[in-house]
Amino acid sequence: MCIATLLSATVFAGKGLVLVKDLYGSIPNNFFVFTAPSLPEWNVSIFIDILYFVGAIVFLYQELKVFCSSIIRQILIIPKRPLIQIKNFLVKVFYKYWYLWFKDFLALVH
């Protein structure tokens, strides 16, 4: 890469070679400048996005409560279950409550 940069600056300087710095500008060399993030302009779509994500967090919290209570009920209250039944139950509940929702969430985000 160093050789290519040297060749483009010397040998191919007047040949019409398109450089990255010509397209995108030079590489910044002041690394100590801090640019704080800025909030976007408020509009209806941003407000709807905030409501959606807050609703999703509340929904997941409620689902997690149901998930944990059903696990406690299945494992602790009902004694003498074989370990394979407990494992199958956990896999089924995980798939139902988390994987399907997360798959749909990723489809919405992307």
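1. Re the overall build of the protein
For the protein, the count of helices and strands is four helices and zero strands. Traced from its N-terminal end to its C-terminal end, the protein shows the element sequence α-α-α-α. The buried share of the protein, reckoned over its 110 residues, is 12%. Accessible area for the protein stands at about 10,100 Å²; split by element, carbon and sulfur atoms hold 71% of it.

2. Section: a nonpolar patch on the surface
Nonpolar side chains collect at one region of the surface, where Leu 39, Trp 42, Phe 47, Ile 50, Leu 51, Val 54 and Val 58 lie side by side and expose about 750 Å² of accessible area between them. Position of Leu 51 among the secondary structure elements: in helix α3 (residues 44-77).

3. Describing the packing of aromatic side chains
According to the stated counting rule, one finds one aromatic pair in the structure shown. With 5.3 Å between their ring centres and 70 degrees between their planes, Tyr 52 and Phe 53 make a pair best called edge-to-face.

4. Notes on the confidence of the model for the protein
On average, residues of the protein score 76 in pLDDT, and 75% of them reach the 70 mark or higher. No element of the protein has a lower mean pLDDT than helix α4 (residues 83-109), which averages 69, and none a higher one than α3, which averages 82.

Calculation criteria
- Residues numbered from 1 in each chain as written.
- Predicted model: local features only at pLDDT ≥ 70, side-chain atom pairs only at ≥ 80, totals over all residues.
- Heavy atoms only, no water.
- Helix = DSSP H or I, 4+ residues; strand = E, 2+ residues; numbered from the N terminus.
- Buried < 20%, exposed > 50% of the residue type's maximum accessible area, 1.4 Å probe, protein only.
- Areas by Shrake-Rupley, 256 points an atom, 1.4 Å probe, with all protein chains shown as cover.
- Patch = residues over 30% accessible without salt bridge, like charges linked within 9 Å, V, L, I, M, F, W, Y side chains within 5 Å.
- Salt bridge = Lys/Arg side-chain N within 4 Å of Asp/Glu carboxyl O.
- Phe/Tyr/Trp six-rings, centres within 6.5 Å; stacked < 30°, edge-to-face > 60°.
- pLDDT = per-residue confidence, 0-100.

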